[in-house]
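This is what each chain is made of:
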Amino acid sequence: MSKAARGSGGLAWALVGPTLLLLIAFNVFPLVYNVVSSFTNAELIGGDSRWVGGAQYTRVFDDDLFGGALRRTALFVVCAVAVEMLLGFVLALSLQREFRGKQAVLTALLVPMMLSPAVMGLFWNLVLNGNYGIVNHALAALGFDPPQWLTDRDLKFWSILMIDVWMWTPFMMLISLAGLSSIPTSIYEAAQIDRASAWKVFTRITLPMCGPVLGLAVLFRATDALKQFDLVMAVTGPNDGATQTLSTLLYQVVFRDGKVGLGAAFSCVILVVVIALATVFTRYIDRVQARDGV
Amino acid sequence: MRVLRYLVVVLYFLVATAPLVWMGLSSLKHRDDSIRPHANFLPALSAPATPTDPRFEATLAAYRQLGEVHAGAQQSFWSHLGNSVLIGVLSTLASVALGTCCAYGFSRFRVPGAKDWLFFILSTRFLPPLAVVVPVLIMYRTLDLQGTHAGLIVLYTVFNLSLAVWLMKGFLDDIPRAFEEAALVDGYSRAQAFVRVVLPEARTGMAVTAVFCLISAWNEYGFAMTLNSSGAITVPAYFAGLQGNIEGMPWPQIAAGALLFVAPIVVFTVLVRKNLLRGMTFGTIKQ
C-alpha cells in the first residue's frame, strides 16, 4: 500500500474526481443558485426578474403557510419515527427466535419498504376510499361507522402517516433485528445466572446495547420523513391545508404558482434545517463507526 | 409469551401483505366491480346474480387494456414502463461504474480530506429533491434536457452516487489488499490490478449496489414529475398524472400496471435479502 500510495495522487484524483465534480455540479450549484434567486422575484415562466432584497424572506416568515408546513412536517417526522420504531422493535423482539420459514416470513415483511411510495400511495387511495374501499367495507361489516380516511380534514394527515408506517416499519424492524443479534448470548447467560428479571434484562442489557444502532435508524428515518412528498401528493395533492408538508409546499409555490424567487427563499430556509440535521447525522455515524465498527 | 409472539408476527404479516394481495385481486376486476359500494373479494368464473354478492367475475381484461391510452395521459402504460426500464438500467450502470471507481480511490489511496469528501457525498442524499429541482430545471432548459431520457438518466446517476460510493466502499474495504499487492509484485500495473483482480472480487458487491440503485431510480417520483412532465415520463409520474382525470380512475388497469411495476422489485428484494440492511443504510451497518 505505502509504495503504491506514494506518487499515486494523480490516479487517486482520477478515480474520485468525476464523482465529486458531478455531485458538486448537481448539489452545490443549485444551492448557490437558490441563494441568489431568493433575493429576486423570478418566476417559472417569463424571463424578467428584479432584485428585491430580503422581501421574499419577509414573506416566508410572515406567511403562516411556512410555519404551518414546518409544524406539520415536524409532527409527521416525530410520529412516524416513534410509531415505526416502537412497532419495528416489538416485531424484531417477536422475530428474534428461530422458527421454520423465518427467512421467508422476514422477506415478505420487508417488501413494503422497497416499493414505490408514489405508486403504493396511489393504490392506497383505492384501499381507503370512503365509499368503495375494502377497509371501510370491512369496518362496516364489523359494525363500525366507516370514517372518510382521505377526505376528512382531521383524519387525512393521520391516514398518510398510517401509510408511511405501513411502508417503513419493516426498516425499523430490520435495524432492530441487527441490533438484537449483535448482543452476545454470553451476556444474557450471565444475567440468567444472576437471576435478573426479564424486565431488568431488557432495560439494562437489550436496550442500551441496541442503542447506537437504533440511533442510526432514527436518524435515517427522520431525514427521510423530513422530505415527505410522494405520499402526500398521492393522497391529497400539494395544496391541502391539512396535509401540506415542506416539500409539497415547495411544489405548490414553484410549480403551481410559478413563484421561483419565493420558492428559492423557502428552499434556503429548509436547507438550513436539513444541513443542520445532516451534520448531526454524519457526526453520529462517524462516532458509531469509530466506536464499534458497526 | 410464545403465543403473543406468533400473534404479533402473523398479524403484521397480514398487514404487510394485504395491500399487495388486494392489488392482485383488483387487477382481475371489471371497473364497475372495483368501485362497487358492496365488498367483493372472491374471484369467480361468472358474474354473480346479485350486486351484494361477495364474489366478482374474474377477468384479465385489465392486463389486455394496459396498451390503452387513458384520459390524463398521452401514452399507454407500456411505453411508460419502457421509459422506467431505460432510465433505471442506464442510470444504474453509470452510477455503479462511477461509484466503484470513486470508492476504490477512497478505499486504497490517500485522498486529502477523504473523510470530509465521503460525508459530503453522503449528505447530498439528505437534500429534498424539491429544494434543488428548480436550478436543475433551469439548467436542463438551457441544455434542452427537460423531458428527455438523457436528462433523468444523468440526474439519477448523480442522485445514486452517494449510495453507490458508500456501498461499494464497504464492499471494497472487505477485499484484502494482499490480492492487489500480489498482482503488483507479478508486474501488473495499478489499473490492471484493479480491473483483473479487484473487480472480479467485488462482483457480488457491485450486483447488490446495482440492485439498490435500480430500485431507488425505479421508485423515484419528485424529480420525475417535475423535470419530465412533458416527455420520457416514468411509471410513478404516469400513475400520479391519472389522478383527477374526468373519466375517473381506471382502478383495475392501475392495479394491473402497479403489480407489474412492483413485481421486479419484489424479486430483487428476495435476491438481495441478505444485504437488505446494508443497502438501506448506505453500508453503515454491515450484516
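Residues numbered from 1 in each chain as written. Chains lettered and ligands numbered in written order. Predicted model: local features only at pLDDT ≥ 70, side-chain atom pairs only at ≥ 80, totals over all residues. Heavy atoms only, no water.

So, on to the overall build of chain B. Looking only at helices and strands, chain B has 14 helices and 2 strands in total. Every one of the 287 residues in chain B was classed for burial, and the buried ones make up 56%. Restricting the contact set of chain B to residue pairs at least 6 apart, pairs at least 24 apart contribute 73%. Total accessible area on chain B stands at roughly 12,000 Å², and carbon and sulfur atoms take up 65% of it. Charged side chains in chain B number 21 positive and 15 negative. The centres of these two groups are separated by 9 Å. (Helix = DSSP H or I, 4+ residues; strand = E, 2+ residues; numbered from the N terminus. Buried < 20%, exposed > 50% of the residue type's maximum accessible area, 1.4 Å probe, protein only. Contact = heavy atoms within 4.5 Å. Areas by Shrake-Rupley, 256 points an atom, 1.4 Å probe, with all protein chains shown as cover. Lys, Arg positive; Asp, Glu negative; His and termini not counted. Charge placed at Lys NZ, Arg CZ, Asp CG, Glu CD.)

Further remarks concern the overall build of chain A. The secondary structure content of chain A amounts to 13 helices and 0 strands. Taken from N to C terminus, the helices and strands of chain A fall in the order α-α-α-α-α-α-α-α-α-α-α-α-α. Here the C-alpha radius of gyration of chain A, 24 Å, is well above what a compact globule of 294 residues would show, namely 19 Å. If you line up chain A on its principal axes, its C-alpha atoms span 75 × 75 × 30 Å. Per-residue burial over chain A gives 54% buried out of 294 residues. Residue pairs in contact within chain A that sit at least 24 positions apart in sequence constitute 67% of those at least 6 positions apart. (Rg over C-alpha atoms; globule rule 2.2 N^0.38 Å.)

All names here are of chain B. By the element assignment, H70 lies in the loop between α3 (61–64) and α4 (77–108). Taking the relative accessible area as the measure of exposure, H70 reaches 12% and is therefore buried. Those residues in contact with H70 that lie beyond four places of it in its chain are Q65, Y238, L242, P250 and Q253.

As a further point, take the packing of aromatic side chains. Taken as a whole, this structure holds 29 aromatic pairs over all chains when the rule is applied. Each ring, one from F61 of chain A and one from F66 of chain A, has its centre 6.2 Å from the other, and the planes form 85°; the classification is edge-to-face. Residue F66 of chain A is classed as buried on the basis of its relative accessible area, which comes to 6%. Taken together through their ring pairs, the aromatic side chains of W168, F171, F220 and F281 of chain A together with F126 and F282 of chain B make up a single cluster. We note R125 of chain B situated over the ring of F159 of chain B; from NZ or CZ to the ring centre the distance is 4.4 Å. Above the face of the F171 of chain B ring, R278 of chain B is positioned so that its terminal group lies 3.8 Å from the ring centre. (Phe/Tyr/Trp six-rings, centres within 6.5 Å; stacked < 30°, edge-to-face > 60°. Lys NZ or Arg CZ within 6 Å of the ring centre and 35° of its normal.)

What follows concerns the interface of chain A and chain B. Taken together, the 93 residues of chain A in the interface contact 97 residues of chain B. One salt bridge connects K115 of chain B with D286 of chain A, and the closest N-O pair in it is separated by 3.3 Å. Here the side of chain A that touches chain B is composed, by residue class, of 71 nonpolar, 18 polar and 4 charged. (Salt bridge = Lys/Arg side-chain N within 4 Å of Asp/Glu carboxyl O. Nonpolar A, V, L, I, M, F, W, Y, C, P; charged D, E, K, R; others polar.)

A separate point is the nonpolar core. Counting 184 residues, the largest nonpolar core has M113, L115 and M120 of chain A together with F212, L227 and F239 of chain B as the members making the most contacts within it. Ignoring any residue separated from it by four or fewer positions in sequence, one finds F239 of chain B in contact with V119 and L122 of chain A together with F77, I254, G257 and A258 of chain B. (Core = buried A, V, L, I, M, F, W, Y, C linked by side-chain atoms within 4.5 Å.)

Together, I24, V28, V32, V36 and W51 of chain A make up a nonpolar patch on the protein surface, roughly 460 Å² of accessible area in all. By secondary structure assignment, the location of V28 of chain A is in helix α2 (residues 9–37). (Patch = residues over 30% accessible without salt bridge, like charges linked within 9 Å, V, L, I, M, F, W, Y side chains within 5 Å.)

Mean pLDDT over chain B: 87, with 99% of residues reaching 70 or higher. As a predicted assembly, this complex carries a pTM of 0.89 together with an ipTM value of 0.88. (pLDDT = per-residue confidence, 0-100.)

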